[in-house]
Amino acid sequence: QDFFYDFIGGATIALICLVQTLAHAAIATTNVIQGPYCAFVPPFVYAMLGTSPHASISSGAIAAILIADQLQYFHDINERTELASLLALISGMWLVTMGLCKAAYLVRFLSQSLISGFVTGGSVLIIEGQLKNLLGLVNMRHGVGFIDTGMALWDALPQTNVVGLVLGLSMMGVLQLMMWLKKYTTAALKKQGPHPSWMKPAKLLSEMKELVLVAISTTFAYVTAQMYGETILPVVGEIPPGLPPFKPPYDLPASRTMLETHYRLQEFIMGGFLVALTSFLTTYATSKKQALHHGYQIDASQEMFALGMAGTCGSFFGSLTPSGSLSRTSLASEVGVKTQMSGLMKIVVVGTSLSFLTPVLYYLPKAALAAIILRSTWTLVDFKTARELWNAWKPSKLGGMKRDAVVWWISFFLTIFLGVLYGIGSAVLFSLLMIVRDAAMPRVVTLGQIESLGNIWRDSEVWSEGRTFPGILVIEFRGPLSFASADWFQEELERKRLSSPDQVEIMVLSFGSVHDLDKTAIEMLRELLTEWRQRNVSCIIADAKSRVRLLLEQYFAKADKKNKAPLLDQPAFMISVDDAVQLAKRMLSKRGRQISCYNARDDSGIEARLRGSQGWRGSGANLAAAAPRTGQESASAMEQGRSDWQRANSTEK
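Since the model is a prediction, treat every value here as computed from it, not as a measurement.

A. Just the nonpolar core, in detail. With 88 residues, the main nonpolar core has F118, F280 and I424 as its most contacted residues. The leading source of residues in this core is helix α12 (residues 265-294), at ten residues. When neighbours within four sequence positions are excluded, I424 is seen to be in contact with L66, L110, L114, F118, L274 and T278. In terms of nonpolar packing, the next biggest core, distinct from the first, is built from 33 residues, L473, M507, L509 and M524 among them.

B. Spatial organisation of the packing of aromatic side chains. For the coordinates displayed, the defined rule picks out 20 aromatic pairs. For the pair W409 and F413, a centre-to-centre distance of 5.4 Å together with 25° between the ring planes defines the contact as stacked. One end of the pair, W409, and the other, F413, are both in helix α18 (residues 402-417), four residues apart, so they sit about a helical turn from each other. Classification of W409 as partly exposed rests on a relative accessible area of 30%. Taking 6.5 Å as the distance between ring centres and 15° as the angle between the ring planes, the aromatic pair formed by F413 and F417 counts as stacked. Of this pair, F413 and F417 both sit in helix α18, four residues apart, which is roughly one turn of the helix. Aromatic ring contacts, followed pair by pair, group F146, F383, W408, W409, F412, F413 and F417 into a single cluster. Stacked on the ring of Y73, the Lys or Arg R264 has its end atom at 3.7 Å from the ring centre.

C. Main features of the pairing of strand β7 (residues 538-542). Burial analysis of β7 places five of its five residues in the buried class, the great majority of the element. Every second residue of β7 is oriented toward a common face, with S538, I540 and A542 on one face and C539 and I541 on the other, all of them buried. When strand β6 (residues 506-510) meets β7, the two strands line up parallel, connected through five bridges. Note that in β7 the partner of I506 across the bridge is S538. A crossover connection joins β6 to the parallel β7 through helix α21 (residues 519-534); in handedness this β-α-β unit is right-handed.

D. Representation of empty space enclosed by the protein within the structure. Under the definition given, this model contains one cavity of 30 Å³ or more. Counted as a void, the largest cavity has a volume near 100 Å³. As for the largest cavity, its lining consists of 14 residues, and the residues nearest its centre are A55, S56, S342, G343 and K346. Every element with two or more residues in the lining of the largest cavity is listed here: α1 (3-27), α3 (41-49) and α15 (341-356). At three residues, the largest contribution of residues to the lining of the largest cavity is made by α15.

E. Examining the pattern of salt bridges more closely. By the definition in use, this model includes 16 salt bridges. For the salt bridge of R526 with E523, the shortest nitrogen-to-oxygen distance reads 3.6 Å. Here the residue R526 and the residue E523 both occupy positions in helix α21, the gap between them amounting to three residues, near one helical turn. In this structure, a network of salt bridges that share partners links the residues R443, D459 and E461.

What counts and what doesn't
Residues numbered from 1 in each chain as written. Predicted model: local features only at pLDDT ≥ 70, side-chain atom pairs only at ≥ 80, totals over all residues. Heavy atoms only, no water. Core = buried A, V, L, I, M, F, W, Y, C linked by side-chain atoms within 4.5 Å. Buried < 20%, exposed > 50% of the residue type's maximum accessible area, 1.4 Å probe, protein only. Helix = DSSP H or I, 4+ residues; strand = E, 2+ residues; numbered from the N terminus. Contact = heavy atoms within 4.5 Å. Phe/Tyr/Trp six-rings, centres within 6.5 Å; stacked < 30°, edge-to-face > 60°. Lys NZ or Arg CZ within 6 Å of the ring centre and 35° of its normal. Pairing = 2+ DSSP bridges. Right-handed = clockwise from strand over helix to strand, strands pointing away. 1 Å grid on protein atoms, 1.4 Å probe; cavity = no way out; pocket = protein on both sides within 12 Å on 5 of 7 lines; lining within 4 Å. Points joined across faces, edges and corners; volume = space filled by probe spheres on them. Salt bridge = Lys/Arg side-chain N within 4 Å of Asp/Glu carboxyl O.

Quick look at the structure:
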């Protein structure tokens, strides 16, 4: 039933994929034929094992950036081509292992800021590397790194092929026109019809813009070729015809040399891990987007395993590391692809092209290929994110994104000057250190009451109009309270208590953000509460939830051998911050301290009613509502409280 849509969609995507893979192989600095090899075996393996019907698996630009980074130390292009297959095997085995171990969560350590910085830095490297083909520099020496490649370009600049340069710039203009056509037709077709008959074919033609450009530029090179096939501009040249042969990647000459000498073998293995993570992240992100759009689910671990098997099997047939593509996956949805049968159709089209059309690709100008790469790479340059993060840095006290900005710039600069491995690795390490810092040093803020918002409690540093009460310090701990943060918590509480302008007699601690306590945290609280009791400082804990509340009641709501009275002498633990402050005000009133705040209420009698009616662990949700408001009500409440307290004591006896 879906065969027609899969047949048409698969054939369309295959033609686009054929040209894109040539460009991706050029980005990876390998022989261009290795790109189409990536669109032959890997799509078949993924079609058998993958869970996304729309994912288009072959080569990818981001994966090609990482591959080129690992291959930059090898000068011979044939050597780089063989090592690219070995890298595909290594990254594929990484993905298979992680898929079997259900380790898809590892990609979460690659944040959006990190990916944006790395892709932007890698795009700069791609643009620099493709200037050689755009300028037609045939005899330019191989450069290693951003600075060395720039110097090599400068030295070879007098050798520029003017015809190739003009053709490349013209093809970039054609690509831009096709992109504008795609944008216009897409917007027009979304509106209500009727639409002109030419609009849908024009949109399909704009989708196949790379194929149109290859046809124009190849025709130009063929027509202008001189006698004996000599062209007036650099071309791809002879491409071996036929399907990819079976060759174990570890048995190739360059691979055997690396395995025997161990030259850059360790870097290759770690680079393969990064290639694996990045290719999976790209594939999974694009597939998940389509899954949400069409209402089906995909299994992340199975996707990781399927992509790993695709890369592993493809490496035995000369393939690059496979990856998904956002543009091709979106196109698969638009042309009506229903199943992975479209991936099998891709194999048929690519296989036919490899068998019969490779002589045509002989005349494909390298400048045209560079034009495709440069125009598509420009869309990957994401300085917009850097600008947004920089602008968000400025209001640091109001939620600035200083950390994300630092991660972006670390990833960007180190990718350019030290390579992708150091760029991503350093940015990930910095991000992990920040996570550890958050766990060890969470924010500890002083709260104030905001009357204009219904007496809610907010950070007094941000809400300067927040009202506080003399003798009462309200603190909120915003993070996990464990062995890593226990000392920090104790130090910050003491610092805030001692630096308070008024003498603090009662500490109100909001534990709404504390989701767990461990043994170290409990012992720290015991030590702190004991010290406070000796200094006549009381403590009330509010907003404690679930396990935290139960642990507090177990360890601090009862007397023990060392303390004759409970360390937390509060009638209830299920209370809000506002309830806790009302209780603190009452405790200060009993100590004879006048609370200098307007509308202060006498809450006498509430504790007695709580103890008499609900018991020690009763809920304090209605403390504020139960507070009397007038002097007469206060007096009657005190009498009622005394009688309730006496009745409760007689009942306990």
